[in-house]
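# Examining the three-dimensional arrangement
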Amino acid sequence: MIWSKEETLPREQIEKLQLERLQETVHRVYEHVAPYRKKMDEAGVKPEDIKCLADLAKLPFVTKQDMRDNYPFGLFAVDRDSLVRIHASSGTTGKPTVVGYTQGDLETWTECVSRIACMGGASAKDTAQICFGYGMFTGALGLHYGLEKIGAAIVPSSTGNSQKQIMYMQDFETSLLVATPSYALRLAEVAREMGLDPVKDLKVKIALVGSELLTDAMREEMHKFWGKDILITSNYGMSELMGPGVSGECLEHCGMHINEDYFIPEIIDPITGEVLPAGEKGELVITCIKKEGLPLIRYRTKDITRLYYEPCKCGRTFCRMENLSGRSDDMLKIRGVNVFPSQIEEVVLSFAELGPHYEIILEREGYLDKLTIKVELAQSTDSFSELERITRAVREKIKIVLGLDAKIMLESPNTLQRFEGKAKRVKDLRGV
């Protein structure tokens, strides 16, 4: 189902609407947000210089550091009295990034999430269990209101107490699960530990997953646990931009449709900042063109993807972003080689003998980086020759894919740490 008519607008109308909203937004932030005005003045650009969408490239970038430098409300374009909701990041690596919403922003947010929920197969008939943490994190409330808008019944179970989560799924006949991919797998594990078959004993038919990278291999792993018929779609967003709802996969599984009437995407070279043509892979930059409280312009997301503008078979005309390859700031430099954790995940999940849970450990011995990969076996075995065979095969495939040697440590099933929120797979001990 397509939620709104805007999702099928001709390209010319999309771009006309984007330009109108971009020009209005640039004028507003120049007038009301001093740090933006300073950045634009230093770049030698005025609001009246934005005459076409290509002129967006004249505007300076905004980064998470800009938000921290202007903590908490320095980048807001409205008075505090206009805000009806405030969220913030955890601030584990510095000052939190603070985001705020006017009533109009909340309505926009709900509209965007309703669209991506419908893209993923959700409907008013669903009972949706939201297994994101409620609180300052935007994920749970964003999906909550968007799903509620389309008429779904909401089970706001949050995270934790996985056995009770399974009880709710049984008793309430949950049909739609909202979770990270890793927690969706964990819930299936817990169901099995409780003597249940997730496919036969639970009624989950749709999984709207986000907040983590969803690789093809991880999607396949989820199908192993939840059944071949479950609809699994990825959706994308971040608190700085709005929360979830920036883009989402349709049932064609050919990328995530960006809500282009609210966001203008660009792909840039993460080193030079040069705008790249459609189809080229690089860093995603997003400009918010309808937000009232915090209308970020050319926000560098650090996420690596590419854009496609061909119309989709689903009937939507909004451009699509490829499922993420990783983040430029998650990229690991190991012995001079650029490595994304997703590459290691793809290797791990290609082995039927291995489970989906793994840990990447980086250490330094002398002047040399040492890569260790801990991964669980799918089933226990006491056969030394079998363990040796699996270890050798994984090590050889890692060497082919990464061009690096690694120490492979096979762990017993259910021994590595599980995560209820975003999984933390990497321990980089080189600077410790």
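Relevant structure appears above.
Described below are features of the structure shown in this document. Note that the coordinates shown come from a computational prediction; the quantities given were computed from them, not determined experimentally. (Residues numbered from 1 in each chain as written. Predicted model: local features only at pLDDT ≥ 70, side-chain atom pairs only at ≥ 80, totals over all residues. Heavy atoms only, no water.)

## Some thoughts on the overall build of the chain
For clarity, the threshold we go by: A helix here means a DSSP run of H or I that spans at least four residues, while a strand means a run of E at least two residues long, and both kinds are numbered starting from the N terminus. For the radius of gyration, the atoms used are the C-alpha atoms, and the globule rule reads 2.2 Å times the number of residues raised to 0.38. Whether a residue is buried, partly exposed or exposed follows from its accessible area with a 1.4 Å probe, protein chains only, as a fraction of its type maximum: under 20%, in between, or over 50%, in that order. Throughout, a residue-residue contact means that at least one pair of heavy atoms, one from each residue, lies within 4.5 Å. Accessible areas in this description were obtained via Shrake-Rupley with a 1.4 Å probe; residue shielding takes into account the shown protein chains only. For the charge count, each Lys or Arg is scored as positive and each Asp or Glu as negative, with His and the chain ends excluded. A charge is said to be at NZ when it belongs to Lys, at CZ for Arg, at CG for Asp and at CD for Glu.
For the chain, the count of helices and strands is eleven helices and 21 strands. Relative to the globule expectation of 22 Å for 432 residues, the C-alpha radius of gyration of the chain, 22 Å, shows essentially globular dimensions. For the chain, the residues scored as buried account for 53% of the 432 residues in total. Across the chain, contacts joining residues at least 24 apart in sequence account for 67% of those joining residues at least 6 apart. Total accessible area on the chain is roughly 19100 Å²; 50% of this is exposed by carbon and sulfur atoms. If you average the places of the 56 positive and of the 64 negative side-chain charges in the chain, the two averages end up 2 Å apart.

## Details of the nonpolar core
Here is the rule: Within this scheme, the nonpolar core is defined by two criteria: the residues are buried Ala, Val, Leu, Ile, Met, Phe, Trp, Tyr or Cys, and they are joined through side-chain atoms within 4.5 Å.
Leu-143, Leu-147, Phe-263 and Leu-296 are the most contacted members of the largest nonpolar core, which totals 69 residues. Here this core gets eight residues from one element, more than from any other, and that element is helix α4 (residues 103–119). Residues in contact with Leu-296, not counting those within four places in the same chain, are Tyr-36, Val-62, Met-67, Leu-75, Glu-240, Ile-286, Thr-287 and Cys-288. Formed by 26 residues, the second largest nonpolar core is a distinct cluster that contains Tyr-183, Leu-187, Ala-191 and Ala-207.

## Some words on the sheet that holds strand β12 (residues 299–305)
For clarity, the cut-off: Paired strands, as defined in this entry, are two strands with at least two bridges between them according to DSSP.
Pairing in this open sheet of four strands is antiparallel, and the strands run β10-β11-β12-β15 from one edge to the other. Two strands bound the open sheet, and with one partner strand each, they are β10 (263–268) and β15 (326–327). Pairing analysis gives two bridges linking β12 to β15, with the strands arranged antiparallel. For Asp-303, the partnering residue across the bridge sits in β15 and is Arg-327.

## Comments concerning the sheet that holds strand β18 (residues 354–365)
Two modes of strand pairing occur in sheets, parallel and antiparallel, and in both the strands are linked by backbone hydrogen bonds. This is how the line gets drawn: Note on method: axes are straight lines fitted to C-alpha atoms, helices fitted across the in-contact stretch only, with angles between N-to-C directions ranging 0 to 180 degrees.
Within the open sheet, the four strands sit side by side as β20-β19-β18-β21. Their pairing is mixed. This sheet does not close on itself; its edge strands, each paired only once, are β20 (407–411) and β21 (426–428). If you compare each strand with its neighbour and ignore which way they point, the axes differ by 15° on average. For strand β19 (residues 368–377) and β20, the ladder comprises five bridges, and the chain directions are parallel. Note that in β20 the partner of Ile-373 across the bridge is Ile-408. Contacting β18, β19 and β20, helix α11 (residues 384–402) crosses the sheet at an angle of about 135° to β20.

## Side note on the environment of Val-178
In this fold, Val-178 is placed in strand β5 (residues 176–179). When the C-alpha positions of Val-178 and Ala-140 are compared, they lie 8.5 Å apart, and in sequence the two are 38 residues distant. If we skip the residues at most four places from it in the chain, Val-178 touches Gln-129, Ile-130, Cys-131, Phe-132, Leu-143, Leu-147 and Leu-208.

## Let's talk about the packing of helix α10 (residues 341–349) against α11
We apply this condition: Should the near helix be turned anticlockwise from the far one by less than a right angle, the crossing is termed left-handed; should it be turned clockwise, right-handed. When residues are grouped by polarity, Ala, Val, Leu, Ile, Met, Phe, Trp, Tyr, Cys and Pro land in nonpolar, Asp, Glu, Lys and Arg in charged, and all others, Gly among them, in polar.
Remark: α10 packs on α11, axes separated minimally by 10 Å, with the N-to-C direction vectors making an angle of 145°. Seen from above, α10 lies across α11 with right-handed handedness. Taken together, the residues of α11 that come into contact with α10 (itself represented by Gln-343, Ile-344 and Val-347) are Val-394, Lys-397, Ile-398, Val-401 and Leu-402. Along the lines of polarity and charge, the residues of the contact of α10 with α11 split into six nonpolar, one polar and one charged.

## Describing the side chain of Arg-28
Note that Arg-28 resides in helix α1 (residues 11–32). In this structure, Arg-28 is in contact with Val-33, Ala-77, Lys-291, Glu-292 and Pro-295, ignoring residues within four places of it in sequence.

## With respect to the environment of Ile-334
Turning to its location among the elements, Ile-334 is positioned in strand β16 (residues 332–334). Sequence spacing of Ile-334 and Lys-370 is 36 residues, and the spatial spacing of their C-alpha atoms is 8.1 Å.

## Quick word on the pairing of β19
Heads up, the rule is: Seen with its strands pointing away from the viewer, a crossover is right-handed when the path leading from the first strand over the helix to the second is clockwise.
Of all ten residues in β19, seven are buried, a share of seventy percent or more. Handedness of the crossover is the feature at issue here: the chain leaves β19, passes through α11, returns alongside β20, and the resulting connection is right-handed.

## What to know about the pattern of salt bridges
Quick note on the threshold: What makes a salt bridge here is a side-chain nitrogen of Lys or Arg within 4 Å of a carboxyl oxygen of Asp or Glu, nothing more.
Summed over all chains, the structure comprises 35 salt bridges. Across the salt bridge formed by Glu-24 and Arg-28, the nearest N and O atoms sit 3.1 Å from each other. Of this pair, Glu-24 and Arg-28 both sit in helix α1, four residues apart, roughly one helical turn. Judged by its relative accessible area of 41%, Glu-24 is partly exposed. Residue classification places Arg-28 among the buried residues on the basis of a relative accessible area of 17%. Between Lys-38 and Glu-42 there is a salt bridge, and its shortest N-O distance comes to 2.7 Å. With Lys-38 and Glu-42 both in helix α2 (residues 34–43) and four residues apart, the pair spans about one turn of that helix. Both residues of the pair, Lys-38 and Glu-42, count as exposed.

## Describing the side chain of Ser-158
Residue placement: Ser-158 occurs in the loop between β4 (153–155) and α6 (162–172). With residues near it in sequence (within four places) discarded, Ser-158 still touches Ile-130, Cys-131, Phe-132, Gly-133, Tyr-134 and Gln-165.

## What about the packing of aromatic side chains?
Operational definition: Pairing of aromatic rings covers Phe, Tyr and Trp, the last counted by its six-membered ring, and requires centre-to-centre distances within 6.5 Å; plane angles under 30 degrees mean stacked, over 60 mean edge-to-face, and any other angle means tilted. Note on criteria: charge over ring means Lys NZ or Arg CZ within 6 Å of the ring centre, with the direction from the centre no more than 35 degrees off the ring normal.
In the structure shown here, the tally under the stated rule is four aromatic pairs. Taking 5.7 Å as the distance between ring centres and 85° as the angle between the ring planes, the aromatic pair formed by Phe-132 and Phe-137 counts as edge-to-face. Note on Tyr-168 and Phe-172: the rings are 5.3 Å apart at their centroids and 10° apart in plane angle, and the pair reads as stacked. Of the two residues, Tyr-168 and Phe-172 are both situated in helix α6; the distance of four residues between them amounts to about one turn of the helix. The class of Phe-172 is partly exposed, set by a relative accessible area of 42%. Residue placement shows Arg-21 over the ring face of Tyr-262; its charged tip is 5.5 Å from the ring centre. Sitting over the ring of Tyr-358, Arg-425 keeps its end group 4.6 Å from the ring centre.

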